[in-house]
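One-letter residues, chain by chain:
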Amino acid sequence: MTPPGPAPPAAPPSDAPPGSPGGAVLSGRPGPPRPGVALGAEVPYNGCMSELAKRLAAKLLWIVVVFLGITVISFAVIHLAPGSPTDMQTTLNPEATAEARTRLEALYGLDRPLHEQYADWLSRLARLDFGRSMSSDHRPVWDKIVERLPLTFGMNVASLVLTLMIAVPIGIASAWWQGRAFDRAATVLVFIGFAMPGFWLALLLMYALCIHWPLLPISGLTSYGFEQMGFWERLADLARHLTLPLFVYTFGSLAGMSRFMRASMLEVLRQDYILTARAKGLPLRTVIFRHALRNALLPVITILGLSVPGLIGGSVIIESIFALPGLGQLFYQGVMARDYPLIMGNLVLGALLTLAGNLLADVAYGLADPRIRAARGGGR
Amino acid sequence: MTPRGDAGRPGPGRLSPGRLLGRWLGRYGMLAVGGGIVLVMSLAALCAPWLAPADPTALNVDAILQAPGALHPLGTDALGRDVLSRLLWGGRVSLWVGFVAVGLSVAIGLALGLAAGYFGGLVDEAIMRGVDVMLCFPSFFLILAVIAFLEPSLTNIMVVIGLTSWMGVARLVRAETLALRGRDFVLAARVAGAGPLRILFLHILPNALAPVLVSATLGVAGAILVESSLSFLGLGVQPPMPSWGNVLMEGKDVLTVAPWLSFFPGLAILVTVLGYNLLGEALRDLLDPRLRG
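These numbers were taken from a predicted model, which means no experiment stands behind them. (Residues numbered from 1 in each chain as written. Chains lettered and ligands numbered in written order. Predicted model: local features only at pLDDT ≥ 70, side-chain atom pairs only at ≥ 80, totals over all residues.)

1. Brief notes about the overall build of chain B
No. 1: Looking only at helices and strands, chain B has 11 helices and 0 strands in total.
No. 2: By its C-alpha atoms, chain B is 75 × 65 × 35 Å across when sized along the principal axes.
No. 3: By residue count, 49% of the 293 residues in chain B fall in the buried class.
No. 4: Considering only contacts within chain B whose residues lie at least 6 apart along the sequence, 68% involve residues at least 24 apart. (Helix = DSSP H or I, 4+ residues; strand = E, 2+ residues; numbered from the N terminus. Buried ≥ 20, exposed ≤ 12 C-beta atoms within 10 Å, placed from the backbone. Contact = placed C-beta atoms within 7 Å.)

2. As for the overall build of chain A
No. 1: On a plain count of helices and strands, chain A comes out with 14 helices and 0 strands.
No. 2: The secondary structure elements of chain A, listed N-terminal to C-terminal, are α-α-α-α-α-α-α-α-α-α-α-α-α-α.
No. 3: In chain A, which comprises 380 residues, the proportion classed as buried is 43%.
No. 4: The contacts in chain A between residues at least 6 apart in sequence include a share of 74% that link residues at least 24 apart.

3. Here we look at helix α4 (residues 121–136) of chain B
No. 1: A rise of 1.5 Å per residue sets the reference length of α4(B), with its 16 residues, at 22 Å; its end C-alpha atoms lie 23 Å apart and thus fit the reference within 8%.
No. 2: Taken together, the buried positions of α4(B) are Met128(B), Val131(B), Met134(B), Leu135(B) and Cys136(B). (Expected span 1.5 Å × (residues − 1).)

4. Considering helix α10 (residues 284–306) of chain A
No. 1: With 23 residues, α10(A) extends 32 Å between its outermost C-alpha atoms, agreeing within 8% with the 33 Å of an ideal straight helix rising 1.5 Å per residue.
No. 2: The sharpest bend along α10(A) reaches about 50 degrees and sits at Leu293(A). (Bend = angle between axes of the 7 residues up to and from the residue.)

5. Thoughts on the nonpolar core
No. 1: Counting residues in each nonpolar core, the largest one holds 164 residues, and the members touching the most others are Ala202(A), Met265(A), Leu144(B), Ala145(B) and Ile147(B).
No. 2: Not counting chain neighbours up to four residues away, the residues in contact with Leu144(B) comprise Val316(A), Val335(A) and Leu235(B). (Core = buried A, V, L, I, M, F, W, Y, C linked by C-beta atoms within 7 Å.)

6. Examining the packing of helix α5 (residues 141–176) of chain A against helix α8 (residues 231–269) of chain A
Helix packing for two helices is described by the angle between their axes and how far apart those axes are.
No. 1: Put simply, α5(A) and α8(A) touch, their axes get as near as 6 Å, and they point 35 degrees apart. The element α5(A) and its partner α8(A) pack so that their crossing is right-handed. (Axes fitted to C-alpha atoms, helices over the stretch in contact; angles between N-to-C directions. Left-handed = near helix turned anticlockwise from the far one by under 90°.)

7. Some remarks on the packing of helix α9 (residues 272–279) of chain A against α10(A)
Residues and elements named next belong to chain A.
No. 1: Their axes nearest at 10 Å, the elements α9 and α10 cross at an angle of 150 degrees. When the interaxial angle is binned, α9 and α10 end up roughly antiparallel. Of the two possible hands of crossing, α9 and α10 adopt the one that is right-handed. Here α9 contributes Tyr273, Ile274, Ala277 and Arg278 to the contact with α10, which in turn contributes Val287, His291 and Ala292.
No. 2: A per-class count over the contact of α9 with α10 returns 5 nonpolar, 1 polar and 1 charged. (Parallel < 35°, antiparallel > 145°, perpendicular 65-115°, else oblique. Nonpolar A, V, L, I, M, F, W, Y, C, P; charged D, E, K, R; others polar.)

8. Describing the environment of Phe322(A)
Residue and element names in this part refer to chain A.
No. 1: Its place among the elements puts Phe322 in helix α11 (residues 308–322).
No. 2: In the structure, Phe322 is positioned 103 residues away from Ser219 in sequence and 4.5 Å away in space, judged by C-alpha atoms.
No. 3: When sequence neighbours within four positions are dropped, the list of residues in contact with Phe322 reads Ala202, Ser219, Leu244 and Pro245.

9. Re the confidence of the model for chain B
No. 1: For chain B, per-residue confidence averages 85 on the pLDDT scale, and residues scoring 70 or more make up 93% of the total.
No. 2: Predicted as a complex, the structure gets a pTM of 0.81 and an ipTM equal to 0.83. (pLDDT = per-residue confidence, 0-100.)

10. Concerning unusual backbone geometry
No. 1: The omega angle of the peptide bond from Pro239(B) to Pro240(B) is 10 degrees, so this bond is cis rather than trans.
No. 2: Positive phi, normally seen in glycine, also occurs at Ala323(A), with a value near 50 degrees.
No. 3: By the secondary structure assignment, Ala323(A) is in the loop between α11 and α12 (327–336).
No. 4: With a phi angle near 50 degrees, Arg338(A) is a residue other than glycine that sits in the positive phi range.
No. 5: Residue class for Arg338(A) comes out buried when judged on the 21 C-beta atoms lying within 10 Å of it.

11. A few points about the environment of Val257(B)
Residue and element names in this part refer to chain B.
No. 1: You can see Val257 is positioned in the loop between α10 (244–253) and α11 (260–287).
No. 2: What makes Val257 exposed here is the crowd of 11 C-beta atoms within 10 Å.
No. 3: In this structure the C-alpha to C-alpha distance between Val257 and Ala67, which are 190 residues apart in sequence, comes to 9.5 Å.

12. A word on the confidence of the model for chain A
No. 1: Per-chain confidence: chain A averages 77 in pLDDT, with 79% of residues scoring 70 or above.
No. 2: For residues 1–46 of chain A, every residue scores under 50 in pLDDT, and the model assigns this stretch 149 contacts once sequence neighbours within four places are set aside.

13. Things to note about the environment of Arg81(B)
Residues and elements named next belong to chain B.
No. 1: Position of Arg81 relative to the elements: it lies in the loop between α2 (48–51) and α3 (83–119).
No. 2: Separated by 53 residues in the primary sequence, Arg81 and Met134 have C-alpha atoms spaced 41 Å apart.
No. 3: Look past the residues within four positions of Arg81 in its chain and what remains in contact with it is Pro56, Thr57, Ala58, Leu59, Thr76 and Arg86.

Next up, the structure:
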């Protein structure tokens, strides 16, 4: 499928520097540090309201196209790979005959041509039907996903918020004191943060805080006897179980985000209007937080959208280490059992979250950029 | 480690030896540290057969889960295998995966980036939209699924990592090609009758290589991280062949009694990835003075 008519907007969030091939995938790191890279993604000045609407429409159309692209590729790759979900129930079972296998494949529709299977799957998806899991419980995929979504989604959002709350001040301070002790220390930490494998950090923390000094529970989501606890006890119990995973999540994206903030702030601080603001004697705080920060935040917003796939990927590892019943764990189980509908459901959800993240980033970009706000008549 | 950028700050009067050293460290410190780490790790991996004190797969029931000591500098694992030897051999796997996967991703990225930048129009549109699609992919999910389906093997891991990581290079090369396409020397070559292939590979490519080199160096670090994560999940390099990720995976199960089994492989990953990242950053600064922060 090719996008008909309007071309995608001039500056999709993906114009930010791409992450390193693998690292970004894993832990939500927006790639290794790129200090000084020109970050100011150019947004064309929009003269009027209809221009904005047109941009939004093009963006939405583009999202549909990307989404279809992702599903086609995933579907093809997963179904064309050797082996079949029926292997588990037939070749591993000495009593299963070839005839039973054929019947099973017919039951799942696996004997039909691939494009028919895809069309079928897509039309069901359009009705929000993700199909039934091929595992022995045969529950609807959607139910399986929904019961695990809150944990993974909540953790990701919480870690994003935490990351921003920590990384933005660090980035600002590093840029302001460029080359001074604080910046040097932050730089060292950033490089270590980039190279730190999340699963190793998790194991180190587990050893230190759960085994050597048993302060926190080692894994799982709840303690024994959770059902009998009162509301506040339950909350405290959950918090204790989620502290370490949240820390590992956040640490993974902290380095990239603070580095980005620093580079972006440096770029802005170099501008003439900052010099002007300082020259006319405005207090430092006003210059940084009123004049510089808003502009420096723009590239960071776009990076947030791009970091969603990394967070989703990271959840597989973190949830498997800490034995958390989230989506990552569900996906891992689905992959191991070759549960096609479950895998596709997860991939679709991941793609949707990523696209939603990109769209949100785009909207936030529009809200934060005075040039775009001005175009809508609300600016100063 | 030294920060970039402040080395050139002029001192009062003549530079003292200390300041000179500081200036040198500021300019080349990162290169020295990063290059040093990469060199040492590569040599250790290449010389594993001679450096390793024991066979990395030799079981020894008399030395199960021994703490680091004289006989086994980094201890032994649950099957009595020497951890140091396993890490040295595991380094070969990581290095091999890193280089082959990045080689593949650079090859794809170069080809597509050159085509998109040079031919423009529909070709460009199609390729860059493809890049956007790939960037929106929850790619670790897909890598996991594909590896699990295809049987985890070294070749499959390298190919899949390579196939899912070429987008950055494609973008870089496209941007460079776009910038170079209109330059006089390219025009001159065209006037002289050079075909597109000749122009692309002889005139444009050499001028676009610097950022690709930087990106490839950083890419090795990324590929090593992905490989070790896959191996840690049991979907990467399969035992008994050692890899840093699967040694760590085995260490996880005995974390309470043998923490060294989890500590050293992670440290090896950390240091190696750090080395490649530092080297890549240093190369960027050296090759492209415009980007110096």
